[in-house]
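Chain and residue survey
Chain residues, written in single-letter form:
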Amino acid sequence: MENVTSKSPSAMELESEQMSAPSPTRSLPKQAGGWRSVKYIIGNESFEKLASMSLISNLSVYLLTNYNLSAIVVVNVVQIWNGSSNIASLIGAFISDTYLGKFRTLLCGSIASLLGILTVTLTAGIHQLRPSTCKERPHCQWPQGWQLGILFAGLGLLSIGAGGIRPCNIAFGADQFDTNTVKGKTQLESFFNWWYFTFTIALVIALSGVVYIQTNISWTLGFAIPTICLACSITIFLLGRHTYICKKPKGSIFSDMPKVITAACRKRKLQVSRRTFYDPAPTLNDSSEFENNKRLAHTERFLFLDKAAIIADPSELDNQGMARDAWRLCSLQQVEQFKCLLGILPVWVAGICGFIVMDQQNTFGVLQVVQTNRFIGPHFKIPPGWMNLISMIALSIWIYIYECIYVPLTRRINKKAKRLTLKERIKIGILLSILCMLVAAVVERKRRDSALRHGTFISPTSFVVLLPQFALSGLNEAFAAVSIMEFFTLQMPENMRTVAGAIFFLSLSTANYIGSLIVNVVHKVTSQRGRTPWLGGHDLNKNRLDYYYYIIAALGALNFVYFNFFASHYLTSSSKGTETTGDSTAEPNDEEKVLSIK
């Protein structure tokens, strides 16, 4: 038997800790992170999305009816605003990773969004801030410059807020799980779908009332409600502050990118083979519980960038073995992080075209609804913004079927959960985007022909014929958007999750700008020589919107070919990793069981 005096100091410390450990009868403090924290994050996200989406869903109608803007101007304003909100995510990701961290960035973004939606609410409540109501189209009073300035200031604050919220919300939720365990990976995979599912259900329940109030009762009250909801979102977020795992900012890849490119170009004449790479060990300040798993292994792709990490001369290092000039010598970790970013670009490009389809329903789709018969019965009239609920309902139904029926059923049959791979889901999403545009084109032609036969601005065709295209748009989002966000997040190391969120929203931003560019090019080309323009004006009956939809469908077909033969190859390794997480034998705790039942 070993003598007590021969015990090592570490063994004695361990024994001391065991002796001083609390007894089983004493309650232990709850561990931070996990589903306990995620509930606050999802609650915050649900109310925030309620506030923002109640504006996005009805902004086209608000600009059309209260600011007397033409259809093409409305589409440009909405798409440019959406694009600016999404591209602001890059700035938000940089600030989060370099200075503030995810928690503070989310909080600042939420406050900016609150100020923005409060400004938009004032434009609805104070009639001097907007032009007089138009009674006879197309002869309407155009808004004055200062009136548009106040409106755009509110939308600008909302864009700033979105820049802080969008790249951080999913990343902050993902930080609450330990992805170094099989159970943590399984929880994270479900988190992506439940994140979409919960706030979508909240939107379906609440937006139906908010949009109706905006359109049929009062725009002021209709904007005041989401303002209150955004305040509730901030409150919920702060209530959970003691439960969060908050990781310190460690710098952003966006600041490292120009350094890696510059250093690689400076050493472009060097040969990569048999060279010594600069790969310093993490310092004490950089170490954490899972630091070893965060370090990226050297890969053979994009070998030109490896030159940035080559130690060409010992003088490039100081006495402590650190780089003297970060623009001449970068660490191997900086290079590999940049490679991770480049590795997702092919899939990022493929997602843009699918997102263009989603934009059509928020703009032209809503304008189609405006010029259809929206009556249910003799008195009740459907608000145009309600049609976006169809997309959300379709998305929610599919996610519920997938998570609660399909996956458990495959587990019972095969003794192992089988999930659709990322490649399969994105392919299905692209095909649904093509089908969505084809259906929209056929329906628009039917709506327009009916209006022209009767010589009326409002087509006798019921709004019901537009339901399939909105449902297909929601399914496109359920398959493609969720999968692409999942791919970006899983492909990046943990310290680059905000970058993954920023890149995802950058794809949405690019889709907005490209969509706006296509609209303007089509309008300019088709309005020449006295021909009937495909787009423009206040009346869709004088346009050929169906032809425009066929153009978007053709772009979707080209995108499917591109993804199938090129971009899908970049999903192979990630898809395999995703599939393995479905085979988990870990038992969920009580909180997880409650969440899955809900």
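Residues numbered from 1 in each chain as written. Predicted model: local features only at pLDDT ≥ 70, side-chain atom pairs only at ≥ 80, totals over all residues. Heavy atoms only, no water.

Looking at the protein chain in UniProt, the text filed under Subcellular location (unreviewed entry) is "Membrane". Here is the UniProt Sequence similarities (unreviewed entry) comment for the protein chain, exactly as written: "Belongs to the major facilitator superfamily. Proton-dependent oligopeptide transporter (POT/PTR) (TC 2.A.17) family." (UniProt positions renumbered as here; feature names shortened; annotations may be inferred.)

With that settled, consider the overall build of the protein chain. When helices and strands are tallied, the protein chain shows 18 helices and two strands. In the protein chain, which comprises 598 residues, the share counted as buried stands at 52%. Considering only intrachain contacts with a sequence separation of at least 6, the fraction spanning at least 24 residues in the protein chain is 82%. For the protein chain, the accessible area works out to roughly 27200 Å², and carbon and sulfur atoms hold 63% of it. (Helix = DSSP H or I, 4+ residues; strand = E, 2+ residues; numbered from the N terminus. Buried < 20%, exposed > 50% of the residue type's maximum accessible area, 1.4 Å probe, protein only. Contact = heavy atoms within 4.5 Å. Areas by Shrake-Rupley, 256 points an atom, 1.4 Å probe, with all protein chains shown as cover.)

Time to look at the nonpolar core. Core analysis: the biggest nonpolar cluster contains 124 residues, and Leu63, Phe191, Phe364, Phe488, Phe504 and Tyr548 have the highest contact counts within it. Listed in part, the eight residues of the second largest apolar core include Ile41, Phe103, Cys168 and Phe172. (Core = buried A, V, L, I, M, F, W, Y, C linked by side-chain atoms within 4.5 Å.)

All right, on to the packing of aromatic side chains then. Evaluation of the coordinates by the stated rule reveals 24 aromatic pairs. Aromatic pair phenylalanine 380 and tryptophan 386: ring centres 5.8 Å apart, planes at 40 degrees, arrangement tilted. For tryptophan 386, a relative accessible area of 19% corresponds to the buried category. One aromatic cluster is present, formed by Tyr62, Tyr67, Trp219 and Phe223 through successive ring pairs. In this structure, arginine 544 is placed above the aromatic ring of tyrosine 547, and the distance from its NZ or CZ to the ring centre is 4.2 Å. (Phe/Tyr/Trp six-rings, centres within 6.5 Å; stacked < 30°, edge-to-face > 60°. Lys NZ or Arg CZ within 6 Å of the ring centre and 35° of its normal.)

A low pLDDT means the predicted coordinates there should not be read in detail. Considering every residue of the protein chain, the mean pLDDT works out to 79; 84% of them sit at 70 or more. Confidence drops under a pLDDT of 50 for residues 573–598, and excluding neighbours within four residues, the segment shows 36 contacts in the predicted structure. (pLDDT = per-residue confidence, 0-100.)

A separate point is unusual backbone geometry. It is generally the case that most residues other than glycine have a negative phi and that most peptide bonds are trans. The residue phenylalanine 302 is not glycine, and still its phi comes out positive at about 50 degrees. Looking at where phenylalanine 302 falls in the secondary structure, it is placed in the loop between α8 (291–294) and α9 (303–306).

Closest axis-to-axis distance for the helix α12 (residues 387–414)/helix α14 (residues 467–491) pair is 7 Å, and the angle between their directions is 45 degrees. Taken together, α12 and α14 sit at an angle that is classed as oblique. Handedness of the α12/α14 crossing: right-handed. Residues Met387, Asn388, Ile390, Ser391, Ala394, Leu395 and Trp398 of α12 form the contact with α14, whose own contacting residues are Leu467, Phe470, Ala471, Ser473, Gly474, Leu475, Glu477, Ala478 and Phe479. Split by residue class, the contact of α12 with α14 holds 11 nonpolar, four polar and one charged. (Axes fitted to C-alpha atoms, helices over the stretch in contact; angles between N-to-C directions. Parallel < 35°, antiparallel > 145°, perpendicular 65-115°, else oblique. Left-handed = near helix turned anticlockwise from the far one by under 90°. Nonpolar A, V, L, I, M, F, W, Y, C, P; charged D, E, K, R; others polar.)

In this section: the state of the cysteines. Taken as a whole and judged by the stated rule, the model has zero disulfides. Its sulfur unpaired, cysteine 232 is 6.0 Å from the next cysteine sulfur, which belongs to cysteine 229. (Disulfide = S-S within 2.5 Å.)

There is a patch of nonpolar side chains on the surface, built from Ile393, Ile397, Tyr400, Ile401 and Ile405 and spanning about 420 Å² of accessible area. As for its position among the elements, isoleucine 393 is in helix α12. (Patch = residues over 30% accessible without salt bridge, like charges linked within 9 Å, V, L, I, M, F, W, Y side chains within 5 Å. Salt bridge = Lys/Arg side-chain N within 4 Å of Asp/Glu carboxyl O.)

Now for the packing of helix α2 (residues 35–66) against helix α4 (residues 145–174). Running from N to C, α2 and α4 point in directions that differ by 145 degrees, and their axes come no closer than 11 Å. As for the relative orientation of α2 and α4, their crossing is left-handed in sense. Residue-level inspection shows Val38, Ile41, Glu45, Glu48, Lys49, Leu55, Ile56, Leu59, Tyr62 and Leu63 of α2 in contact with α4, the latter providing Leu151, Leu155, Leu158, Ile165, Arg166, Asn169, Phe172 and Gly173. Tallied by class, residues from the contact of α2 with α4 come to 12 nonpolar, two polar and four charged.

Here the focus is the pattern of salt bridges. Inspection of every chain in the model, using the stated rule, returns 10 salt bridges. One salt bridge connects glutamate 336 with lysine 339, and the closest N-O pair in it is separated by 3.2 Å. You can see glutamate 336 and its partner lysine 339 sitting in helix α10 (residues 332–343), three residues apart, about one turn around the helix. For lysine 339, a relative accessible area of 0% corresponds to the buried category. Its salt-bridge partner being arginine 544, residue aspartate 546 comes within 2.9 Å of it at the nearest N-O pair. Arginine 544 matches aspartate 546 in its accessibility class, with the two residues each being buried. Linked through salt bridges whose partners overlap, the residues forming this network are Lys102, Asp175 and Lys247.

Moving on, we come to the environment of glutamine 176. Counting through the fold element by element, glutamine 176 comes out in the loop between α4 and α5 (182–217). Residue classification places glutamine 176 among the buried positions, given a relative accessible area of 3%. As a C-alpha pair, glutamine 176 and arginine 36 span 140 residues in sequence and 9.0 Å in three-dimensional space. Not counting residues up to four positions away in its chain, the partners in contact with glutamine 176 are Gly33, Gly34, Ser37, Val38, Ile41, Thr243, Tyr244 and Ile245. A polar side-chain atom of glutamine 176 sits 2.8 Å from the main-chain carbonyl oxygen of phenylalanine 172. (Polar contact = N/O pair within 3.5 Å; in protein donor to acceptor, adjacent residues only side chain to side chain.)

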